[in-house]
Every structure is written in C-alpha cells, then in structure tokens.
Amino acid sequence: MTDVLREQLQLALGTGYTLERELGGGGMSRVFVARDVALHRDVVVKVLHPDLAAGLSAERFTREIQLAASLQQANIVPLLSAGATDGLPYYTMPFVKGRSLRERLARDGTVPITEAISIVRDVARALSYAHAEGVVHRDIKPENILLSGDAAVVTDFGIAKALAASKTQAPGGTLTKTGTSIGTPAYMAPEQAAGDSATDHRADLYALGCVAYELLSGAAPFADRAPRQLLAAHMSEVPAPLAATRPDVPPALAQLVARCLEKDPDARPQTARAVLTALDAATGPSAPTASGVSVVRAPRRRALLAGATVALVAALGLVGWVLRTRASTPAAATTSANAAPALTADGIAVLPFESLGDSADAYFADGITDAVRGRLMQLSGVRVIARASVQQYRGTSKTPAQIARELGVRYLLTGTVRWDKVPAGGTGAAARSRVQVSPELVEVTPDGAAQGRWQQSFDAELRDVFRMQGEIAGRAVDGMHVALGSTDRARVEAVPVAADAAGYDLYLRGVAAIDGGANSSTPALRRALGYFEQAVARDTSVAEWWASLAMTAAHLYGGTPDPALAERARAAAARTRALDPTGAPGHLAMGAYHRLVKRDNVRALTEYEAATRAAPGDAVAAAAVAIAQRAVGQFEPALAAFRRAAVLDPRSPVAHLNVAATLIWLRRYDEARASAARFLALTPSNLTAVQVRVLTDLARGDLAGARRVLADAAGDVAPAALAADMAFADLGWSLDDSGQRLALSLGPDAFDGDRAQWGIVRAQLHHWRGDTAQARVWADTARVHFAQQLRAAPSNATLHGLHGLALAYLGRRVEAAAEAERIVALMPVAQDAFVDPYVDHLRARIYQLGGEREKALNALERVLSVPYWVSGASLRIDPTFAPLRGHPRFERLTAGR
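## Some words on the packing of aromatic side chains
Right, so step 1: As enumerated under the stated definition, the model contains 12 aromatic pairs in all.
Right, so step 2: Taken together, a centroid distance of 4.9 Å and an interplanar angle of 65 degrees make the contact between Trp-758 and Trp-778 edge-to-face. Taken together, the positions of Trp-758 in helix α34 (residues 755-768) and Trp-778 in helix α35 (residues 772-792) put the pair 20 residues apart, joining distant regions of the chain. Of the two residues examined, Trp-758 and Trp-778, each falls in the buried class.
Right, so step 3: Aromatic pair Tyr-868 and Trp-869: ring centres 6.5 Å apart, planes at 55 degrees, arrangement tilted.
Right, so step 4: Given a relative accessible area of 1%, Tyr-868 falls into the buried group.
Right, so step 5: One cation-aromatic arrangement involves Arg-630 over Phe-834; the distance from NZ or CZ to the ring centre is 3.7 Å.

As structure tokens, then:
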C-alpha cells in the first residue's frame, strides 16, 4: 500500500471521520486511527491487505459482517460500519484504550495464574454470547484480545468468516484459492487447518485453549516451528503438559486447557458456556491444588508396534470406498511405489470442486466430486487417482503442471458447485432445490503446458443430480479422447433409480462427518452412523447407503464390542447384498463384518477378493484385500496389492506405510527403507513415519543409523513427543543417552495419562541403563496399575503380557512365567499373522528377564520363523537379550538373519 490508499480511504470515509495516524498493521489489514468528528471520539479503521482482498466480493463482505455488527456484549469490541475503497474492503470499530494481549505477553512472558484465568473467562464470555448469536470468530489469538482496565475484550468478530464467505462468492475465483483456511496457524484448530467444511464454533474453543496455554506457559503450543510444521503438529501432536513448564497450574485447569486442545471437536467442551462452567469448577474455593491431585484417565490399549496399527488405519478407508464410487476398473501398469509415478496419457485426477454457496454446504460439493470420480473409475483404460491423494490439493497454490507431475496424470478435472436450496416446508422442497455445476478439464502436456480441453455448465434440480454426474463424467472422458464402447458409455452415464433427495443429503452429511473415510475417530463414526441410518430410513432401495451403514457400524464395533453394533453391521451388510448381489459394496460391507465383528479373516478375504473383481482399480478395495491376505499369512500377495493401491493413491501416506510395514515384516529391509523414506517424505512430522523408518535400520542391526534418523527428525517432530513414542513402542533402547534421559523426564501425560504404561516404560529404560534398583521401583508401579486395569478387563491378553513383564523386572519369575503362558491361552482362535508375533516377542522378553533361557530361545525361534520386524541382527543389538549373547543356540538363531 502507499499514501494513495490513505487518500482514497479518507475520501471513502467522507467528512465524518478524519484519519489521524496509522497503528501497527494487523495480520489481515492495515490499521488507522480516525477521529469521529460528530461524536468527538477515536475509532479504528482497518483496510484489508490487497492479497486478501484479491478475488473478494466487497458487497458480500459487507453483507456478511452485518451479523457480526449486531453483537452487543461487554467483552466484544463492536463493529460500527463497513465499506470499500478502490475495491479494498474496510471496517470501523471503537478505539479501545489499553494494549493487546500480545503486547502483554511480549513484555512479561507468562502472566499470573489469577490474571490468566480472568482473561480466559472474559474471552469465553464473549464467545458464549457470539456463538449463541450464530457468529464464529475463527481467528482467536492474543493480537485480537485487548486489555482495557480490568477486562479483556475481543476484536474482529466475524471478519475471518466474512473473508472466507466473500472469497468463495467472488466472481472469477480460482481453484488454487478454494478452501484456503483464514486464520493464524499457531492458533488454528486441526479441522480449520484442513479446510474442513464442517468447521464450527468449537474451532474457537481450540484457539482459546492455545491462548490459555500460552498465558500459562509463556509460549503457544508447538511454538518456534515453521508454518507447515506448525499446522502438521496441530493435526497430529499433543502439546507438552503444562505441568512440565508451570508446576503451579492447578491440575483441573491444566486438564481443561488440554480438553480444549483435543484434536477431535467432539472431545472438546462443546460450548463456551461449558468452558465457563469448567473454569469455575477448576478455580473455585474447593478446587484441588497441584500437589494434591492425580488425574485418572481410562487406560489406552498399548500399540504393539508402529506397523501393528496399520491394518486398522487402512481398513477404516473402506467406508470411504462406498462413499465415492459404485464400481471401478483395472489399474494401469504398476510402477514403483517408492518414486513419483510417470506422467501417463490415461491418468486423471478429479480435484475437490469449489463450493460457491454457503460454507456450511461445502460437503455437498465434495459429494458431487466423489460421485464424478466414482463414475470415471468404472472405465477400463483410465487410471483415476484416489480421493486421499487429491484432497491435499484443496486450496493449494501449486500450478496444474506441479499437481499433474506429483500425481502422475495428464488430466485434471476441476469445477465449481452452487446449491440453491428451496426453503424447507413445502412438498418435495429438497428435490426442487437446484444444483449448478461448472466443470473444467485441463490437460497438462509432457512439457508442462496446461490447456483447457473442455468446460461446460450444468443446471438441474437436485432430483436429477445423478444424471448430471454421469454427463459430466462422460464429457470429461470425451475431452481426454478416450474411445468408449457402448457398454462403458452406458455404465458411466447410467442414471440409477431416483433416490430420495433428502436422503441423499443425509447420506452426504454422513460422508462429510468422517471426511470420506479419513476421520476414524469414534465420535465422527457415530455421527456418520446417525446420518446413514436416517438416509436408509427415508429410502431403503440404495445399496451404497446400506453399505456405508454396515461398514461404519463394523468399525465402531471394532473399538467397542457392542452386540447392537454387531447386529446393525450384519443386517445392513445383508441388505446391501440383497439389493446388489454382485456389486462391490455388498462384498466390502460383508468383508468388514467378518473381519471386524466376527474376527474371521478367511471369510473376509473371500469377500474382499470378490469386491476387487467388481472394482479392480480402486485403491481402498486393493488395500482391503491386502490387509486380509496379510492377516492370514499371505504376505507376498499382500505386498503386491498394497503396491497396487499405492500407484492409485500416490500421495497417501497410509498407502506407503502399508508397503513399508509389509516389506519390514518380510525382512526385505533395503526395499522397506526406500518405502519408509517415501512415507516420511510425505509426512515428516508424523511420529509413526519416523518410527517405521527407524525400524528399517534396527532390523538391519544398524543402531547408529537408527539414531541418525531420530536426530534428523528433531527438526520436524518435538523431541519429547518422539522420545515418548519410541519408548511407548518398546523401542526406548534405540534412543541415545540424551533421548533416554528426556523420556525419563516425562510425566504420565506423555503416555496418555496411563500410569501403568508410564511405569513400564521407566522400568525398561532404567534396566537398559543398568539401574536395576530404579527398574524395580518403577516395575512395581506398573504392576499395581496393570493389576487394576486387569480387574476391569480380565481377558485382555496384552495387559496380562505387560503385567508379566512388570513382574519379570521385579524378579518374580514364577508369576511372570504364569502370565506369559496365560496370554497364549487368551489369544483368539482366529489369529492375525501380522499382529500375533508380538506375543511371542513379549513372552521371550519375560522369560529372558526371568532367567528361563531355553523358553526365551524357544519363543525367539518362533519369532524368527514367521514374518515380523525382529531379525537376528536386531536381537544382537537389543540390550534385553544381551545376556544371551555367546549362548550357542542364540548365536545359531541370529547368525545370518
């Protein structure tokens, strides 16, 4: 900006205001102080920066902030007026005497606890009032909190929402700007950072948690990281416990802040009013002190190792399959999963369509995108990139050439969607709502040139949206110059029996609740289940809706074995099969039921193989087969299927994780290392990515190499989180001395508040470091807490094993050996070849610590005879088995492996 802008702004304000001086610029605007001539008062005028104003509808911006201007509450700085000068929107508000919270923190760092509580309470009051009026802030941060007298007041209410809405409403908006998250990375909720269309008022509560954390600790969560790393941390990492930096924070207050910082919105306080209530309880006269309370949480099931969780992660994507396609076809020739795929003439990526309507309706545009992608996946000879790999390009600034190169395709299909709803109440109102879709096909030639090949607008009532989806897919194929036979043409443009329009909307809301299968949290799955049940209640004839219901119920049962969920999964899968006996949805639904409810991997594999015959080109269907194959011990076929999935989903970290983990279990370490590196490159701040890469070196016996990987990861992952993760997975011995000491400095919160896990981790670390006295002390702590957990879950084999490990560290060898035998008796009859070797590995550790060498060697022999990450080379560097070195049988077992 120049002084020309100031002159233009003065002209726009007229004679009613006189610009006097400029304040420091805000994050989104340039800020001036002006004099209100009539009322003899100062006001603040904020003019949006040109980069934010680009492509923005000033009229829409003004209209959007009218609602925010109606807010009248003591802790809210009201908006006075809004307008535009030379296309740059501005708005005015009262001048508040005082300073910002940012200035306060910059001067003093932390603030007294009583003052911090007062500030948080004032902001929560402002949020409670605004949320009740339908206004979400979306940019709560210290810069937008002003301290005036004894009160904190919040400024810029509704501005971020107005920016987002007017951006999407602006004519000529581009694909690369769509979905850009307005806000500040250091205080941005995970769903907001991801551009989730379902982001609501609970994002403000996450930001409030960030502010409270900074007030109490002196730094925002994950401070001093680059923006990319910062956003990744908000999505995947847990902030260091407040008690570690501020021991005098009342535990209940620290717990409230931690709840506000939960990744899943459903796990946070659900309203600002609930925050106020909890704040009063945490800080009232009867609130417990820091020295007198230990917070008890439900124990978390211990992860066997990084790879052992892969099956569940990938299986959750099965729901997403039904949500995005009806059928699929053979994939293009397989390429290496460890390198970017080559540009192919047949490849196409359907990028997220932009929603031009209310931001709350963005899920509908996603549904249209998924449906068009699903139509294209029915064609032979056309490779269609899977959903997980294209979702990351929502709001990207990358060029079409960059996107095409990264995905290995020649064509990109983009589009905009406007949904004009008919107000509810009239007969058939939902069906009569109109949908306008404007797709564009872009071709990227091998020299990087991007050319538009086809563009057209489609307009129809909601009841005709299925016909529209087929027409769009058919025209896109024509634009790619792919010759379609009559069968393929009929398949891609087929119009199914008309489904209930309101039911279709409910179905799409279910899709959005789990982000097309990417969100596997229990609250998200339960929300989706409710939507799917409502959808099938309105229309019982749609197989895909029943399949989604079946798989969602099955996955919920996998986490909570509720007989009612099991019956829902079975009945819905059977209904899907009845409606579509040969289609992939029925087989996928029944496969999920057998795998997750009945624990029958053999039957599940039969169903998944039938699904891939109906949909041989779908990445998630291929992964489903691979998971079941691996569970029944078919590791080589599973590897081929996982690699096929990675070709179809080249930017999905989970796809490369599955390849890497399977290669590690097959002890093909050189190949595994390359796949693990690809996984880590896609998600460098992911703890599992680091752990899998470390495993490839440990399995080769290269402890120094593993420690180099850990050291290199320090720039992307918080050292404390990494140390805790490695120790939590029984890999604490791979940490160097400083890493082990860091792990020993962590409290129970670093281990999900589970004192049993905390105790066993500390016992192991002390034992490896030669301090057997401390190892016994902490083993006894673990023993006590594992015994408590076993009273609630007496049939949990893993808990018995860990209890036995604690007893072994205590030297109670008879009791420890009894637990080692008990876990075998408790293992399910239908075993999983990918997970089960952990049991023998755990038993070997128990026997070795108890001095029963032959039993330990028997268990190790079984471990080495089946696919698993442990190798002879890793056993030779694992300090747990150091006493066996030199034993003839141990040397024979580990030689050359």
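So much for the structure itself; the text now carries on.
## Digging into unusual backbone geometry
Glycine aside, residues mostly have negative phi angles, and peptide bonds mostly take the trans form.
Right, so step 1: Its identity is not glycine, yet Arg-138 carries a phi of approximately 75 degrees, on the positive side.
Right, so step 2: Relative to the elements of secondary structure, Arg-138 occurs in the loop between α5 (113-132) and β7 (145-148).
Right, so step 3: Phi at Arg-599 takes a positive value of approximately 60 degrees, unusual for a residue other than glycine.
Right, so step 4: Looking at where Arg-599 falls in the secondary structure, it is placed in the loop between α24 (584-597) and α25 (601-614).

## Topic: the packing of helix α8 (residues 202-217) against helix α11 (residues 251-260)
Right, so step 1: Closest axis-to-axis distance for the α8/α11 pair is 7 Å, and the angle between their directions is 140 degrees. With respect to α11, the element α8 is oriented oblique. In terms of crossing hand, the pair formed by α8 and α11 is left-handed. Here Leu-205, Tyr-206, Gly-209, Ala-212, Tyr-213 and Leu-216 of α8 lie close against α11, whose contacting residues are Leu-253, Val-257 and Cys-260.
Right, so step 2: Residue composition of the contact of α8 with α11, grouped by class: 8 nonpolar, 1 polar and no charged.

## Brief notes about the sheet that holds strand β8 (residues 151-154)
Right, so step 1: Taken in spatial order, the 3 strands make up an open sheet running β6-β7-β8, and their pairing is antiparallel. Strands with a single pairing partner mark the edges of an open sheet, and in this sheet they are β6 (99-100) and β8.
Right, so step 2: Pairing of β6 with β7, which is carried by 2 bridges, proceeds in the antiparallel orientation. Looking across to β7, one finds that Ser-100 is bridged to Leu-146.

## Let's talk about the pattern of salt bridges
Right, so step 1: The full count for this structure, using the stated rule, is 43 salt bridges.
Right, so step 2: Between Glu-533 and Arg-568 there is a salt bridge; the shortest N-O distance is 2.7 Å. With Glu-533 in helix α21 (residues 522-538) and Arg-568 in helix α23 (residues 563-579), this residue pair connects regions lying 35 residues apart in the sequence.
Right, so step 3: Judged by relative accessible area, Arg-568 falls into the partly exposed class, the value being 34%.
Right, so step 4: For Arg-700, the salt bridge identified is with Asp-670, shortest N-O distance 2.7 Å. One end of the pair, Arg-700, is in the loop between α30 (687-699) and α31 (703-713); the other, Asp-670, is in helix α29 (residues 669-682), and 30 residues separate them in sequence.

## What to know about the nonpolar core
Right, so step 1: In terms of nonpolar packing, the biggest core is built from 100 residues, with Val-694, Leu-722, Leu-731 and Trp-869 touching the most fellow members.
Right, so step 2: Counting residues in hydrophobic clusters, the runner-up holds 79 residues, among them Met-377, Leu-556, Ala-566 and Ala-569.

## Observations regarding the side chain of His-137
Right, so step 1: Note on placement: His-137 falls in the loop between α5 and β7.
Right, so step 2: Residue His-137 is classed as buried on the basis of its relative accessible area of 1%.
Right, so step 3: Side-chain polar atoms of His-137 contact the backbone nitrogen of Asp-139, separated by 3.0 Å.

Procedures and definitions
Residues numbered from 1 in each chain as written. Predicted model: local features only at pLDDT ≥ 70, side-chain atom pairs only at ≥ 80, totals over all residues. Heavy atoms only, no water. Phe/Tyr/Trp six-rings, centres within 6.5 Å; stacked < 30°, edge-to-face > 60°. Helix = DSSP H or I, 4+ residues; strand = E, 2+ residues; numbered from the N terminus. Buried < 20%, exposed > 50% of the residue type's maximum accessible area, 1.4 Å probe, protein only. Lys NZ or Arg CZ within 6 Å of the ring centre and 35° of its normal. Axes fitted to C-alpha atoms, helices over the stretch in contact; angles between N-to-C directions. Parallel < 35°, antiparallel > 145°, perpendicular 65-115°, else oblique. Left-handed = near helix turned anticlockwise from the far one by under 90°. Contact = heavy atoms within 4.5 Å. Nonpolar A, V, L, I, M, F, W, Y, C, P; charged D, E, K, R; others polar. Pairing = 2+ DSSP bridges. Salt bridge = Lys/Arg side-chain N within 4 Å of Asp/Glu carboxyl O. Core = buried A, V, L, I, M, F, W, Y, C linked by side-chain atoms within 4.5 Å. Polar contact = N/O pair within 3.5 Å; in protein donor to acceptor, adjacent residues only side chain to side chain.

None of the figures reported here should be taken as evidence of function without further support.
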